[in-house]
Amino acid sequence: MDLGLRGKTALVTAGSKGLGKGCAQSLAREGVNLVITARGKEALEATAEELRKAHGVKVTTVAGDITTVQGREAALAACPAPDILVNNAGGPPPGDFREWDREVWIKALDGNMITPILLIRAVVDKMIERKFGRIINITSGAVKFPIPELGLSNGARTGLTGFVAGLSRKTVRHNVTINGVLPGPFETDRLRANFSFNAKKTGKSEEELRRARAEANPAGRFGTIEEFGDACAFLCSAQAGFITGQNLLLDGGAYPGTFG
Ligand code: NAP
């Protein structure tokens, strides 16, 4: 299936590794030129080069923290009018809410709610003018089933999801859609960090926790970044103009409800 995206431009934030990279590589395969960001230059350049070589698309890198004013300005200067925006950033740390003061909450909201909203604000009207736009927010399965130790993530991402639920119904008339893609367990650095946190808490080894978690998933495994990227690319496709305000859960069936 040709997704009708050849020659379009995407801004993928936090795209050097993990799920963001998965999205960048699926879009590159469809002929989309990319601007990708991350804080660490080395992995960012390596990913960019890998995508250029594999898919022959233009890939521009912007090193910086997307949750800061400077990081966002630099990303938007390199890509002021993307056709596709994939909003991603690292997630907030796990912990106990009794230890989180106002500053900790503001940081989580900045990273996982306000940053994506500000990036949407910067690009959405230009998408509306051009009558094409696809915005994907990488959030978390925690939006549908909260994970107790990830209270900062549960709170901030649900705030973003609520905001987008309203806006996405206003933009779709102009062929600009906004959707959330909600990862369950994908084996990336982020998931490994959770194993390490829980290993310290429970005294079990990281490998033991990893195996038990994979086995407990109905699929008996973790998701791959390729699977994640391809779902994202479909939601960005020309064919997906009637899908907006949705929250697509990719979790191997772990969410136990009859309706997703
Ligand atoms: P990952 O493998 O650790 O990759 C994170 C990527 O984001 C890296 O490229 C990282 O590069 C970049 N990044 C992180 N913070 C950034 C910032 N402030 N500014 C710019 N770039 C930044 O993580 P992942 O598993 O792909 O997770 C992506 C998102 O999905 C996270 O918010 C995570 O909480 C969420 N999520 C993941 C899972 C899962 O199972 N993997 C499940 C639920 C939710 P630098 O470090 O160099 O900046």
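A brief report on the enclosed structure follows. (Residues numbered from 1 in each chain as written. Predicted model: local features only at pLDDT ≥ 70, side-chain atom pairs only at ≥ 80, totals over all residues. Heavy atoms only, no water.)

## Side note on the overall build of the protein
Now for step 1: Per the secondary structure count, the protein includes 8 helices and 7 strands.
Now for step 2: Looking at the protein as a whole, 47% of its 260 residues are labelled buried.
Now for step 3: Within the protein, contacts between residues separated by at least 24 positions form 74% of all contacts whose residues are at least 6 apart in sequence.
Now for step 4: Summed over all atoms, the accessible surface of the protein reaches about 12,500 Å², with 55% contributed by carbon and sulfur.
Now for step 5: Averaged over its 33 positive side-chain charges, the protein has a centre that lies 5 Å from the centre of its 27 negative ones. (Helix = DSSP H or I, 4+ residues; strand = E, 2+ residues; numbered from the N terminus. Buried < 20%, exposed > 50% of the residue type's maximum accessible area, 1.4 Å probe, protein only. Contact = heavy atoms within 4.5 Å. Areas by Shrake-Rupley, 256 points an atom, 1.4 Å probe, with all protein chains shown as cover. Lys, Arg positive; Asp, Glu negative; His and termini not counted. Charge placed at Lys NZ, Arg CZ, Asp CG, Glu CD.)

## A few points about the sheet that holds strand 4 (residues 84-87)
Now for step 1: What the 7 strands build is an open sheet, ordered 3-2-1-4-5-6-7; its pairing is parallel. Every other strand in the sheet has two partners, leaving strand 3 (59-63) and strand 7 (247-250) as the edge strands with one partner each. Averaged over all pairs of adjacent strands, the angle between their axes in this sheet comes to 15°, without regard to strand direction.
Now for step 2: Pairing of strand 2 (residues 33-38) with strand 3 involves 5 bridges; the strand directions are parallel. (Pairing = 2+ DSSP bridges. Axes fitted to C-alpha atoms, helices over the stretch in contact; angles between N-to-C directions.)

## Description of the packing of aromatic side chains
Now for step 1: For the structure shown, the criterion picks out 4 aromatic pairs.
Now for step 2: For the ring pair F186 and F228, a centre distance of 5.3 Å and an interplane angle of 85° mean the geometry is edge-to-face. A residue pair is termed long-range when its members are at least 10 positions apart, and F186 in the loop between strand 6 (176-183) and helix 6 (189-202) and F228 in helix 8 (residues 225-235) qualify at 42 residues. Grouping residues by exposure puts F186 and F228 together as buried.
Now for step 3: A cation over an aromatic ring shows up here: K8 above the ring of F132, its NZ or CZ 4.4 Å from the ring centre. (Phe/Tyr/Trp six-rings, centres within 6.5 Å; stacked < 30°, edge-to-face > 60°. Lys NZ or Arg CZ within 6 Å of the ring centre and 35° of its normal.)

## A short note on the packing of helix 6 against helix 7 (residues 206-216)
Now for step 1: Interaxial distance between helix 6 and helix 7 falls to 9 Å at its minimum, and their mutual angle equals 115°. Crossing of helix 6 over helix 7 shows right-handed handedness. Residues L191, R192, F195, S196, N198, A199 and T202 of helix 6 lie in contact with helix 7, whose contacting residues are E206, L209, R210 and R213.
Now for step 2: Partitioning the contact of helix 6 with helix 7 into residue classes produces 4 nonpolar, 3 polar and 4 charged. (Left-handed = near helix turned anticlockwise from the far one by under 90°. Nonpolar A, V, L, I, M, F, W, Y, C, P; charged D, E, K, R; others polar.)

## Overview of the site of the ligand
Now for step 1: Looking at the ligand, there are 28 residues lining it, with S16, L19, R39, A89 and T188 nearest.
Now for step 2: Note that an oxygen atom of the ligand is positioned 2.8 Å from one of the backbone N or O atoms of R39.
Now for step 3: Between an oxygen atom of the ligand and a main-chain N or O atom of G40, the distance comes to 2.8 Å.
Now for step 4: Burial of the ligand by the protein amounts to 89% of the accessible area it has alone, namely 880 Å².
Now for step 5: Looking at the shell around the ligand, the elements with two or more residues in it are helix 1 (18-29) and helix 6.
Now for step 6: Of all the elements, helix 6 adds the most residues to the shell around the ligand, at 3 residues. (Near = heavy atom within 4 Å. Polar contact = N/O pair within 3.5 Å; in protein donor to acceptor, adjacent residues only side chain to side chain.)

## Looking at the state of the cysteines
Now for step 1: Going through the model one piece at a time under the given rule, you end up with 0 disulfides.
Now for step 2: We note that C23 lacks a disulfide partner, and the nearest cysteine sulfur, in C232, lies 3.5 Å from it.
Now for step 3: Judged by relative accessible area, C23 falls into the buried class, the value being 0%.
Now for step 4: For the unlinked cysteine C236, the closest cysteine sulfur is that of C232, found at 4.2 Å. (Disulfide = S-S within 2.5 Å.)

## Structural notes on the side chain of N137
Now for step 1: Within the secondary structure layout, N137 lies in strand 5 (residues 133-138).
Now for step 2: The class of N137 is buried, set by a relative accessible area of 2%.
Now for step 3: Among the polar contacts listed, one links the side chain of N137 to the side chain of N87, at a separation of 2.9 Å.
Now for step 4: Non-local contacts of N137, meaning those with residues more than four positions away in its chain, are made with N87, P116, I120, L160, V164, I178, N179, G180 and V181.

## So, the pattern of salt bridges
Now for step 1: A complete count under the given rule lists 14 salt bridges for this structure.
Now for step 2: In this structure, the salt-bridge partner of E49 is K53, at a minimum N-O distance of 4.0 Å. Within this pair, E49 and its partner K53 are both found in helix 2 (residues 41-55), separated by 4 residues, close to a single helical turn.
Now for step 3: Overall, E49 belongs to the partly exposed group, its relative accessible area being 34%.
Now for step 4: The class of K53 is exposed, set by a relative accessible area of 69%. (Salt bridge = Lys/Arg side-chain N within 4 Å of Asp/Glu carboxyl O.)

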